[in-house]
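Fold and contact review
One-letter residues, chain by chain:
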Amino acid sequence: MLHNYENKMADRQVGRNAELFAQSIAEKETAEERFPYLRILISIIEQAHPEWNQVPQKDRQMALLVARMSDDKLDQDEVADVVRVRDEERGFFYD
């Protein structure tokens, strides 16, 4: 499992370790295997970007960032679903 350190980080606030984590999540074979790790990654992103909690398209914005962090190996729809699940658990529902 070699990761490319040459590329510019997708998001400096989130950091290189989270980016490497996203890339390792992408190596998991099924959505069920990725789910708990995506929840952790999303939590890390929420801590780095608390202002995104007010954005109406938070699920899509986070999914785009996670896709970039994983070198587009993680599916944006899958990530957005995980964001929505986390938000619904907290009482925030999407239209």
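Note that the structure is a prediction, hence the values are computed from the model and not measured.

Notes on the confidence of the model for the protein
The predicted coordinates ought not to be read in detail in places where the model reports low pLDDT. Residues at a pLDDT of 70 or more form 92% of the protein, whose mean pLDDT is 90. Per-element averaging of pLDDT across the protein places helix α1 (residues 16-25) at the bottom with 95 and helix α2 (residues 31-48) at the top with 97.

Concerning the packing of aromatic side chains
Across all of its chains, the model carries 1 aromatic pair by this definition. Aromatic side chains F21 and Y37 sit 6.3 Å apart centroid to centroid with 80° between the ring planes, which places their arrangement in the edge-to-face category. Highlighted residues: F21 in helix α1 and Y37 in helix α2, separated in sequence by 16 residues. F21 sits in the partly exposed class, given a relative accessible area of 21%.

Some points on the pattern of salt bridges
According to the stated counting rule, one finds 11 salt bridges in the structure shown. Note that D87 is salt-bridged to R90, the shortest N-O span being 3.7 Å. Residue class for R90 comes out partly exposed when judged on its relative accessible area of 48%.

Procedures and definitions
- Residues numbered from 1 in each chain as written.
- Predicted model: local features only at pLDDT ≥ 70, side-chain atom pairs only at ≥ 80, totals over all residues.
- Heavy atoms only, no water.
- pLDDT = per-residue confidence, 0-100.
- Helix = DSSP H or I, 4+ residues; strand = E, 2+ residues; numbered from the N terminus.
- Phe/Tyr/Trp six-rings, centres within 6.5 Å; stacked < 30°, edge-to-face > 60°.
- Buried < 20%, exposed > 50% of the residue type's maximum accessible area, 1.4 Å probe, protein only.
- Salt bridge = Lys/Arg side-chain N within 4 Å of Asp/Glu carboxyl O.

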